[in-house]
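The residues making up each chain are set out below.
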Amino acid sequence: MNLEQAAGFVLEEGKRYGIDSFDLIATDSEDIGIEVFKGRITSTETSRSRGVGIRVLNNSRPGYSYSERFSKEALSQMVRDAMDQTEITDPLDMELPSPKSLAEVDLKHYNPELEKLDFAWMRELGLSLDQASWDSDKRVENVPHVGVGKSSSQSLIANSKGVFVKKDSNVAYCGTGLVVSEADAKKMGSYYRSGRDISQFDPKYIALEAAHRGTELLGAKPLPSGVYTIVLGNRISPQIFGMFSSPYFADAVQKGSSRLVGKINTQVASPILSISCEAHIPDYPGSRLVDAEGIPTSAHTKVLENGVLRSYLYNLESAKKDNVSPTGHGVRSYSGRAGTSFSNMIVPLGNQTRQELLEKDSHCIFVTKLEGGAGCSAVSGEISIGIQGIYYKNGKPEHAVDRITMNTNYFDFLHKIQGISNEYSDSYSSIKVPDILVSEIHIAG
């Protein structure tokens, strides 16, 4: 069976067994890629993953099951397994949606030209990128990773009330990771491009950017411990904001695992900071017309507005608990239960350049790299993470820095934001945050 046939069979099985209410999510994805090392193809890989998962509500009691086999026997057994669970689970106060019209927006998630890309194209681009990486800077000591590939997927959401939405998407990617050295110092630089416009895959540009990200950190040394102004670069700020997305989810608030409990219409951040969820931006990976539970998405959802918390993000279950309408932010894999997520998390551009932010204080750390996230907790808000970057004095770069740790709390950090730049990174990401100037951050040297 293909994806639609499997989904149709499960819908019929659910009706045949007389299930009160049920929904399903099905996906079929394929990834093809190669790795190159020193002018040789060292790895080729083709992987495929597909599955269908069902959520049953019998007398409001939920049951979940999934199958990665698309035979009638396997799918029928999946339905029965989910039904069996409903005999022991507690009631779940939730109602599945009926079909509704979706926004007429082309999200540009599929480019048929990408389907023509084959291993020959990957080989040619990979070898060119490998050579460009070695040629990018005389300080390049090794190029341990060059990767090129593409992925494609189909997904389908359906329920017993008639919702049936299918989506096709694909993307290509390439990138390099290289080691640069000078004296006894070694640094790693990497840069990747992803998207559906392969004219942007310029091997020379990608290699030069990767080399720059490594060489700018050569000669790094720690700073004395103290309180500093920092500028999070626009390829780093999305990582921080992404780590702390869950406090805005209603299910986290309801479980008491968010410090934003009871903060709606309260100032929780600097007045210059706004955060929104933009679900209909074409060619953004987080864009979607319908969420994983069949709820149509909104083009614009205000989460923070000038530092004031305006909304939590809801899925079906959390919305029912608060007696509000779901916001279209339910997510679910075929093998898991429903959760909540941003579609695209967007911090609007500011009106200053990065250089203007770096000139705001006589002493400033421009952060270009994070080292792990084990010391970060979305529940408490604690941030303790190693950073690397450039130390600026009076707006001019002095030297690279490493072996230092940034210690703060996310919910305090939000109030300390003093500036936002006018530029996003060029990464293919569902989180877009410009460079962020933050004052009074404790740095351990």
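Worth saying up front: this structure is predicted, and the values here are computed from it rather than measured. (Residues numbered from 1 in each chain as written. Predicted model: local features only at pLDDT ≥ 70, side-chain atom pairs only at ≥ 80, totals over all residues. Heavy atoms only, no water.)

Student: Just checking my understanding: could you explain the domain arrangement of the chain for this structure?
Tutor: Accessible area lost upon the coming together of the parts is a frequently used measure of interface size. Along its sequence, the chain is organised into domain 1 (3-215), domain 2 (218-241 + 349-444) and domain 3 (249-344). Contact with domain 1, which involves 17 residues of that partner, is made by nine residues of domain 2. The largest share of the area that domain 1 buries against domain 2 comes from Lys187, Ser194 and Arg213, three residues that together contribute 43% of it. Remark: the boundary between domain 1 and domain 2 carries two salt bridges. We note a salt bridge from arginine 193 to aspartate 426, for which the minimum N-O separation is 3.9 Å. Linking domain 1 with domain 2 are six residue pairs in polar contact (both at pLDDT 80 or more), by the criterion used here. Only β5 (164-182), β6 (185-195) and α4 (203-215) provide two or more residues apiece to the side of domain 1 that touches domain 2. Here the element with the most residues in the side of domain 1 that touches domain 2 is β6; it accounts for seven residues. (Domains from an automatic or database assignment. Contact = heavy atoms within 4.5 Å. Buried area = accessible area lost by both parts, 1.4 Å probe. Salt bridge = Lys/Arg side-chain N within 4 Å of Asp/Glu carboxyl O. Polar contact = N/O pair within 3.5 Å; in protein donor to acceptor, adjacent residues only side chain to side chain. Helix = DSSP H or I, 4+ residues; strand = E, 2+ residues; numbered from the N terminus.)

Student: Would you mind going over the sheet that holds strand β13 (residues 345-346) with me for this structure?
Tutor: Pairing between the strands of a sheet is mediated by backbone hydrogen bonds and can be parallel or antiparallel. Taken in spatial order, the five strands line up as β10-β9-β8-β13-β18 in an open sheet, and their pairing is mixed. Strand pairing shows two members of the sheet lacking a second neighbour, β10 (308-309) and β18 (431-432), which therefore form its edges. In terms of strand pairing, strand β8 (residues 275-277) meets β13 through two bridges, oriented antiparallel. Among the inter-strand pairings, cysteine 277 is bridged to a residue of β13, identified as methionine 345. (Pairing = 2+ DSSP bridges.)

Student: Got a minute to help me understand unusual backbone geometry in this structure?
Tutor: Trans is the prevailing form of peptide bonds, just as negative phi is the prevailing case for residues other than glycine. Phi at lysine 108 takes a positive value of approximately 55 degrees, unusual for a residue other than glycine. With respect to the helices, strands and loops of the structure, lysine 108 is situated in the loop between α2 (72-85) and α3 (119-135). With a phi angle near 55 degrees, asparagine 394 is a residue other than glycine that sits in the positive phi range. A residue is classified by how much of its surface remains accessible, and asparagine 394, at 56% relative accessible area, is exposed. (Buried < 20%, exposed > 50% of the residue type's maximum accessible area, 1.4 Å probe, protein only.)

Student: Just to check I follow, could you spell out the pattern of salt bridges for this structure?
Tutor: It is possible for side chains bearing opposite charge to pair when their charged atoms get close. Following the criterion strictly, the structure yields 23 salt bridges and no others. Arginine 55 is the partner of aspartate 23 in a salt bridge, and the nearest nitrogen-oxygen pair spans 2.7 Å. Taken together, the residues aspartate 23 in strand β1 (residues 21-37) and arginine 55 in strand β2 (residues 40-58) connect sequence positions 32 residues apart. In this structure, aspartate 23 and arginine 55 share a single accessibility class: buried. One network of salt bridges, in which partners are shared, links Asp23, Arg55, Glu293 and Arg332.

Student: I'm lost on the packing of α3 against α4 in this one. Help?
Tutor: Where α3 meets α4, the axes come as close as 8 Å, and the angle between the chain directions of the two elements is 40 degrees. It follows from the interaxial angle that α3 and α4 lie oblique. With respect to the hand of their crossing, α3 and α4 are arranged in right-handed fashion. For the pair formed by α3 and α4, the contact residues are Leu125, Ser128, Leu129, Ala132 and Ser133 on the first element and Pro203, Lys204, Ile206 and Ala207 on the second. Its residues placed into classes, the contact of α3 with α4 shows six nonpolar, two polar and one charged. (Axes fitted to C-alpha atoms, helices over the stretch in contact; angles between N-to-C directions. Parallel < 35°, antiparallel > 145°, perpendicular 65-115°, else oblique. Left-handed = near helix turned anticlockwise from the far one by under 90°. Nonpolar A, V, L, I, M, F, W, Y, C, P; charged D, E, K, R; others polar.)

Student: Explanation requested: the side chain of histidine 280 in the structure shown.
Tutor: If you trace the backbone, histidine 280 turns up in the loop between β8 and β9 (301-305). At a separation of 2.9 Å, a polar atom in the side chain of histidine 280 contacts the side chain of threonine 297. Beyond its immediate chain neighbours, meaning those up to four positions away, histidine 280 contacts Ala103, Val105, Leu107, Ser287, Arg288, Leu289, Thr297, Ser298 and Ala299.

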